[in-house]
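Listed below are the residues making up each chain.
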Amino acid sequence: VNDHLRYLSSFGIKNGAALVVENQTGKVRAYVGSQDFYSVRTQGQVDGVMAPRSTGSILKPFLYALCMDEGELLPQSILKDIPTHFGAFSPSNELSGYNGLVTVHEALVRSLNVPAVRVLNRYGLYRFYLFLRNAGITTLFRHADDYGLPLIIGGAEANLFELAAAYRGLARLGEFEPITIIERENYQIQKGPERLISRGACYMTLQILNDLKRPGAEYYWEQYNNQWPIAWKTGTSFGQRDAWAIGVTPEWTVAIWIGNFTGEGNANLKSGEMAGSLMLDIFNSLPKNPSLAWFQRPEDDLKKIEICSETGYLAGPDCLKTSFVDAPASQPTLPICPYHIGIYVDDTGEFQVCSRCWEPGHYKRESILVYTPDVMQFLRENGKIIPHVPPHNPYCLELTGTNPLQVIYPSQNARLWIPRDYSGALEHLVLRAAHRDSSQRLYWYIDGVYFGTTVENHVLPVELPKGAHSLAIVDSTGNRVQTDFNIDLKE
Ligand SMILES: [Zn+2]
Ligand SMILES: [Zn+2]
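Residues numbered from 1 in each chain as written. Chains lettered and ligands numbered in written order. Predicted model: local features only at pLDDT ≥ 70, side-chain atom pairs only at ≥ 80, totals over all residues. Heavy atoms only, no water.

Asks: Provide a residue-level description of the overall build of the protein, including the pertinent values.
Replies: When helices and strands are tallied, the protein shows 12 helices and 23 strands. Counting only residues that meet the buried cut, the protein has 53% of its 491 residues in that class. Sequence-distant contacts in the protein: of pairs separated by 6 or more residues, those separated by 24 or more amount to 64%. Accessible surface computed for the protein: about 22800 Å², of which carbon and sulfur atoms make up 51%. (Helix = DSSP H or I, 4+ residues; strand = E, 2+ residues; numbered from the N terminus. Buried < 20%, exposed > 50% of the residue type's maximum accessible area, 1.4 Å probe, protein only. Contact = heavy atoms within 4.5 Å. Areas by Shrake-Rupley, 256 points an atom, 1.4 Å probe, with all protein chains shown as cover.)

Okay, structure coming up:
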């Protein structure tokens, strides 16, 4: 630690802390709270292991693992990385701008902010907040709503000690418990480990984190003996005040924080290079058991499911290419791929046709890729190729009538009061739509986020936060309706 910090001090970065935990026992084997306890100049008596600091991106892996368990996504699933507004909060990616669509794997390896915030919004801020507390993060002094969605990109503070314990939980394939610095043979912790994430989802998340290679850290990776893989994550807090790197193997958790105890930011602070290189150095010097080089695949906690190869959601009838991939065994059904839909086109493929306008024997069914309007707009504005959707036959009688698809509830510009039930919990809002053709599947999007598919009975119960929302529904022939409405919650 001292060697690294002597080097970093030339960049104006004065402090660092490191923690090494033996995963099997949960015992801390090395604890460096500052580089020099007796140094007044660098505030050596501040304990960098216990000081709560902004978490940057270090919490993201837990969110994605939880969402895999919920059946919301898999590493292959595509997420939106486009300009997004949550009230006054509009997350952005520090380095890369927006990418349009990215897989979960890429979003985590590149630590993209927008997909993480969108995923947290869907998973539920309060649920994730509760997870963090259950996983032993005790420094969340404020209420979940005070942190808001920035919670996932550094809006909250945690200390190195508790973050190391949480990462050890990931390395223990989902069993979380406090780590201990007390060296006693029969030391009793208050309660046993608690399972918060499935073994399958932890294993899949660790596999992603093994692919993390940050620009600037390549040199250190070459120095590092690669036969010992590490699952690791870095994080840099807002204003470059804190750099984190936490890595796990089956045997060890190594956690690093680098920054200034005074809290001042430093433009030179780079988590991959600075905290990451120190982490790798420590891993290099730790004893290793060759039979525990990597995590054992929890076969009985994984299943194979068929997904759409292009979008990473459950293969639907109109997906063109599918593949079988791992999913947590207990995972509820993943959403069906909402992007591939079946349409009828005429012989030339130029126009869509329907039962009211096709010539018998002169039409065919085709699968096409359709993105949501917000993604289409982003791709168009950024000069990207947009999948072509053939327009409906202009001579069709159907077009002269009304849209076959209608929103029944809520009506345009409605102001809705959501009542509470007898227990005080907010009741669900039940959205309703109708389609003239009873065989049509409807795809529901709320505020640009895919919410679900309905068949026959087009009813969708949802829980939405207070504020303005827009509901868009499309059918599989490309008809679309939209309704904007406002929600107030009964106090
Ligand atoms: Zn598909
Ligand atoms: Zn038609």
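So much for the structure itself; the text now carries on.
Asks: Pulling in residues and values, what's your account of the pattern of salt bridges?
Replies: Applying the stated criterion across every chain, the model contains 14 salt bridges. We note a salt bridge from Arg127 to Glu70, for which the minimum N-O separation is 3.1 Å. With Arg127 in helix H5 (residues 125–134) and Glu70 in the loop between helix H2 (60–69) and strand S4 (78–81), the pair connects residues that are 57 residues apart, well separated along the chain. Its relative accessible area of 36% is what places Arg127 among the partly exposed residues. For Asp318, the salt bridge goes to Arg365, with nearest N and O atoms at 2.8 Å. Of this pair, Asp318 sits in the loop between strand S12 (302–308) and strand S13 (322–328) while Arg365 sits in strand S15 (residues 363–369), placing them 47 residues apart in sequence. Taking the relative accessible area as the measure of exposure, Asp318 reaches 5% and is therefore buried. What makes Arg365 partly exposed here is its relative accessible area of 46%. Through salt bridges with shared partners, a single ionic network connects Arg297, Glu299, Lys304 and Asp326. (Salt bridge = Lys/Arg side-chain N within 4 Å of Asp/Glu carboxyl O.)

Asks: Account for the coordination of the zinc ion (ligand 1), naming residues and giving values.
Replies: Of the protein atoms, only Cys308 (SG), Cys319 (SG), Cys337 (SG) and His340 (ND1) coordinate the zinc ion (ligand 1), at distances of 2.0 to 2.3 Å. Mapped onto the polypeptide sequence, the residues donating to the zinc ion (ligand 1) form the spacing pattern C-x10-C-x17-C-x2-H. Here Cys337 lies in the loop between S13 and strand S14 (340–346) and Cys319 lies in the loop between S12 and S13, a separation of 18 residues in the sequence. Look at Cys319 and you get buried, because its relative accessible area is 12%. (Donors = N, O, S within 2.8 Å, 3.2 Å for Na, K, Ca; no water.)

Asks: So what's going on with the nonpolar core? Residues and values would help.
Replies: One finds Leu19, Phe128, Phe131, Leu151 and Ile197 to be the most contacted residues of the largest nonpolar core, which totals 112 residues. Residue contributions to this core peak at 9 residues, all from helix H7 (residues 160–171). Setting aside residues up to four positions removed in sequence, Leu19 forms contacts with Val28, Ala30, Tyr31, Val49, Leu160, Phe161, Ala164, Ile179, Thr253, Val254 and Ala255. (Core = buried A, V, L, I, M, F, W, Y, C linked by side-chain atoms within 4.5 Å.)

Asks: Tell me about the confidence of the model for the protein, residues and numbers included.
Replies: Per-residue confidence for the protein gives a mean pLDDT of 85, with 86% of residues at or over 70. Put simply, helix H12 (residues 397–400) is where the protein has its lowest mean pLDDT, 61, and H2 is where it has its highest, 98. (pLDDT = per-residue confidence, 0-100.)

Asks: How would you explain the sheet that holds strand S17 (residues 414–418) if you had to name every residue and give the values?
Replies: Here we have 5 strands laid out as an open sheet, ordered S17-S23-S22-S19-S20, and mixed in their pairing. The open sheet has two edge strands, S17 and strand S20 (449–455), and neither has a second partner. Recorded for the sheet is a direction-independent mean angle of 30 degrees between the axes of neighbouring strands. Direction of pairing for strand S19 (residues 441–446) relative to S20: antiparallel, over a ladder of 6 bridges. In the sheet register, Trp444 faces S20, and the bridge partner there is Gly452. (Pairing = 2+ DSSP bridges. Axes fitted to C-alpha atoms, helices over the stretch in contact; angles between N-to-C directions.)

Asks: Requested: an account of the pairing of S14, with residues and values cited.
Replies: Within a regular beta strand, the side chains point alternately toward one face of the sheet and then the other, so they alternate between its two faces. Most of S14 is tucked away: 6 of the 7 residues are buried. Bridge count between S14 and S15: 7 bridges; the pairing is antiparallel. Paired with Ile343 across the strands is Glu366, a residue of S15.

Asks: Give a detailed account of the environment of Ser291, specifying residues and quantitative values.
Replies: Within the secondary structure, Ser291 is located in the loop between helix H10 (271–285) and S12. When its relative accessible area of 60% is taken as the criterion, Ser291 is described as exposed. A C-alpha to C-alpha distance of 9.9 Å links Ser291 and Pro250, two positions 41 residues apart in sequence. Of note is the side chain of Ser291, whose polar atom sits 2.9 Å from the side chain of Asn289. (Polar contact = N/O pair within 3.5 Å; in protein donor to acceptor, adjacent residues only side chain to side chain.)

Asks: Talk me through a nonpolar patch on the surface; I want residue IDs and the actual numbers.
Replies: A contiguous nonpolar surface patch, about 250 Å² in accessible area, is contributed by Tyr31, Met50 and Ile181. Looking at where Tyr31 falls in the secondary structure, it is placed in strand S2 (residues 27–32). (Patch = residues over 30% accessible without salt bridge, like charges linked within 9 Å, V, L, I, M, F, W, Y side chains within 5 Å.)

Asks: Break down the sheet that holds strand S16 (residues 405–409) for me, with residues and values.
Replies: Strand order in this open sheet of 3 strands is S16-S18-S21, and the pairing throughout is antiparallel. Looking at strand neighbours, the two that pair on one side only are S16 and strand S21 (459–462), the edges of this open sheet. Direction aside, neighbouring strands of the sheet carry axes that sit 25 degrees apart on average.

Asks: Can you break down unusual backbone geometry residue by residue, with the values?
Replies: Residue Pro410 is bonded to the preceding Tyr409 through a cis peptide linkage, with omega at 0 degrees. By secondary structure assignment, the location of Pro410 is in the loop between S16 and S17. One non-glycine residue, Leu173, lies in positive phi territory at about 55 degrees. Along the chain, Leu173 turns up in the loop between H7 and strand S7 (175–176). Its relative accessible area of 12% is what places Leu173 among the buried residues. Its identity is not glycine, yet Glu456 carries a phi of approximately 60 degrees, on the positive side.

Asks: Quick rundown of the packing of aromatic side chains? Include the residues and the values.
Replies: Counting across every chain of the model gives 13 aromatic pairs. Here Phe131 and Phe176 contribute two aromatic rings whose centre-to-centre distance is 5.7 Å and whose plane-to-plane angle is 90 degrees, an arrangement assigned as edge-to-face. In this pair, Phe131 is assigned in helix H5 and Phe176 in strand S7, connecting sequence segments 45 residues apart. Centre to centre, the rings of Tyr344 and Tyr363 are 5.9 Å apart; their planes meet at 75 degrees, and the pair counts as edge-to-face. Here Tyr344, found in strand S14, pairs with Tyr363, found in strand S15; they are 19 residues apart in sequence, far enough to count as distant. (Phe/Tyr/Trp six-rings, centres within 6.5 Å; stacked < 30°, edge-to-face > 60°.)

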